[in-house]
Amino acid sequence: MTSQPKGFDTLQIHAGARPDPATGARQTPIYQTTAYVFRDADHAAALFNLQEVGFIYSRLTNPTVAVLQERIATLEGGAGAVCCSSGHAAQIMALFPLMQPGCNIVVSTRLYGGTVTQFSQTIRRFGWSATFVDFDDLAAVEAAIDENTRAIFCESIANPGGYVTDLETIAGIANKVGLPLIVDNTSATPYLCRPIEYGATLVVHSTTKYLTGNGTVTGGCIVDSGAFDWSASDKFPSLSAPEPAYHGLKFHETFGPLAYTFHGIAIGLRDLGMTMNPQAAHYTLMGIETLSLRMQRHVENAVKVAAWLEQDPRVDFVTYAGLPSSPYHDRGLKVCPRGAGALFTFAVKGGYEACVKLVDSVEIFSHVANLGDTRSLIIHSASTTHRQLTEAQQVAAGAAPNVVRLSIGIEDADDLIADLDQALDRATA
Ligand SMILES: *Cc1c(COP(=O)(O)O)cnc(C)c1O
């Protein structure tokens, strides 16, 4: 093999994988096993002391999952990655090494709805809190950071669409105050955006979405850049100081750029147990092999469908950063030059009633609470995922009663347009 750096299309197929040493199997086997036989007592002791890397028990590590971890870390340009059971698990796992009771995170107001609930309600049970800020208001972001802040969190291309975060500028603020920036890169995928290149420390994924790509399994992943100095302050004792949960091991001193990743396995997965199973890792590895091809088509179709909707008299507006009319179009060209993803919202003339009729009238689009599938998906957030919110909260979340969200699949764009055309006729008749 040459030492020339490999391209994305090569890495999405080969990174982390090698023919199975036992059988020569070319495809990564599904290692459907809970435990691994130790060579002898010394080998077992070395593994438990983290002196030797190997497999002990599948709550911690599994060979199929390990291939996926290396593949996603490589595609994101990170030093290491830990996979877990879902995107929401990945967010808790990402914060766990950084936080203690009384600590807070500063987060963008433009987040996936489930993340808003997780951060505004559920993490408070751990004594953590989140301060929500408009990430276009840089002064407000800086003002929200206090001595108990341990991370800054945003999405690259924010679900439900239309918003792109200025990652380089936000990373600059995080760097200035010595905090890690965590970027949820689910909607963009590493094909469209690589947050570490803009200065992010950690990247989280719901692999449930585009990385798997076909709506089969839930999963999550946390990628570490390996570049953050956890010992520069006393804010991250679980990484920089002796960790009582691992007989006083100092993770940063011992593992350097892999400290965060080892912590995620040795303490995060060991004690939280949000483990990805090998079957899910297999489906996600299959999906990633075609990631670039799918993302190209997702973006191409999204641009066509969004442009068609924008000129349609039955539609009030379309929020998609891939359209020249979007206020985030130029930022999108900088942050994700290969395209602004394939998720967007549009407003239907006729409001709530017309939207409900629209989702009942589509034939190719599926009415589901998911995104990032090969299939095109539609949801009316105000009557489903955002139902519990007041109308003002719905509007603030980009889920006003007259707005429908699309996740554009990789079918023929003309068929998708024809389907929306007939459904809009019925919805606005
Ligand atoms: C789906 C999603 C999540 C949550 O992931 P799950 O795998 O459903 O737990 C988090 N962030 C974004 C942007 C998502 O789309």
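An unreviewed UniProt entry lists the protein under the name Bifunctional O-acetylhomoserine aminocarboxypropyltransferase/cysteine synthase, with Meridianimarinicoccus roseus as the source organism. Taken from UniProt, the Sequence similarities (unreviewed entry) comment for the protein reads in full: "Belongs to the trans-sulfuration enzymes family." The heading Cofactor (unreviewed entry) in the UniProt record of the protein holds the text "pyridoxal 5'-phosphate".

By secondary structure assignment, the location of N301 is in helix α13 (residues 291–310). Among all residues touching N301, those that are not within four sequence positions of it are I408, G409, I410, E411, A413 and L416.

Right, let's get into unusual backbone geometry. A positive phi is found at T189, a non-glycine position, where the angle reads about 65 degrees. With respect to the helices and strands, T189 occurs in helix α8 (residues 189–192). A positive phi angle, close to 30 degrees, is found at H247, a residue other than glycine. Mapped onto the fold, H247 is located in the loop between α9 (237–240) and α10 (251–255). In this structure H247 comes out as exposed when scored by relative accessible area, which is 59%.

Close contacts around the ligand come from 15 residues, with G87, D184, S206, T208 and K209 the closest. Contacts to the ligand include H88, whose backbone N or O atom sits 2.9 Å from an oxygen atom. With respect to the ligand, the side chain of D184 contributes an N or O atom lying 2.7 Å from a nitrogen atom. Relative to its free-state accessible area of 380 Å², the ligand is covered by the protein chains to the extent of 92%. Ranked by residues supplied to the shell around the ligand, first place goes to helix α4 (residues 87–95) with three residues. Split into classes, the residues belonging to the shell around the ligand amount to two nonpolar, ten polar and three charged.

A few words now on the sheet that holds strand β8 (residues 202–206). Taken together, the seven strands give an open sheet; going across it, the order is β1-β9-β8-β7-β4-β2-β3, and neighbouring strands pair in mixed fashion. Sheet topology places β1 (80–84) and β3 (129–133) at the edges, where each strand pairs with a single neighbour. Pairwise comparison of adjacent strand axes, ignoring direction, gives a mean angle of 20 degrees for this sheet. Bridging between strand β4 (residues 149–155) and strand β7 (residues 181–184) involves four bridges; their strand directions are parallel. In the sheet register, C154 faces β7, and the bridge partner there is V183. Strand contacts of helix α5 (residues 113–120): β2 (104–108), β3 and β4, with the helix running at about 130 degrees to β3, the strand carrying the most contacts.

Turning our attention to the domain arrangement of the protein. Note: interface size is frequently given as the accessible area lost on complex formation between the parts. Domain boundaries assigned for the protein yield domain 1 (8–98 + 180–287) and domain 2 (291–427). At the interface, 19 residues of domain 1 touch 23 residues of domain 2. When the two sides are added together, the surface that domain 1 and domain 2 hide from each other amounts to roughly 1800 Å², 56% of it contributed by carbon and sulfur. Sorting the residues of domain 1 by area buried against domain 2 places Y191, L192 and Y210 first, and these three jointly supply 44% of that buried surface. Put simply, domain 1 and domain 2 have zero salt bridges between them. Our count for the contact surface shared by domain 1 and domain 2 stands at twelve residue pairs in polar contact (both at pLDDT 80 or more). For the side of domain 1 that touches domain 2, the secondary-structure elements that each account for two or more residues are α1 (8–14) and α8. With four residues, α8 is the largest single contributor of residues to the side of domain 1 that touches domain 2. Residue composition of the side of domain 1 that touches domain 2, by class: nine nonpolar, eight polar and two charged.

Our next topic: helix α7 (residues 167–176). Within α7, burial applies to L167, I170, A171, I173 and A174. Seen from one end, α7 has its buried residues packed into an arc of 155 degrees, which puts them on one side. Exposed residues on α7 whose side chains face more than 90 degrees from its buried face are N175 and K176. Phi turns positive, to about 70 degrees, at G178, one or two residues after α7.

Calculation rules
Residues numbered from 1 in each chain as written. Predicted model: local features only at pLDDT ≥ 70, side-chain atom pairs only at ≥ 80, totals over all residues. Heavy atoms only, no water. UniProt positions renumbered as here; feature names shortened; annotations may be inferred. Helix = DSSP H or I, 4+ residues; strand = E, 2+ residues; numbered from the N terminus. Contact = heavy atoms within 4.5 Å. Buried < 20%, exposed > 50% of the residue type's maximum accessible area, 1.4 Å probe, protein only. Near = heavy atom within 4 Å. Polar contact = N/O pair within 3.5 Å; in protein donor to acceptor, adjacent residues only side chain to side chain. Areas by Shrake-Rupley, 256 points an atom, 1.4 Å probe, with all protein chains shown as cover. Nonpolar A, V, L, I, M, F, W, Y, C, P; charged D, E, K, R; others polar. Pairing = 2+ DSSP bridges. Axes fitted to C-alpha atoms, helices over the stretch in contact; angles between N-to-C directions. Domains from an automatic or database assignment. Buried area = accessible area lost by both parts, 1.4 Å probe. Salt bridge = Lys/Arg side-chain N within 4 Å of Asp/Glu carboxyl O. Arc of directions from axis to C-beta.

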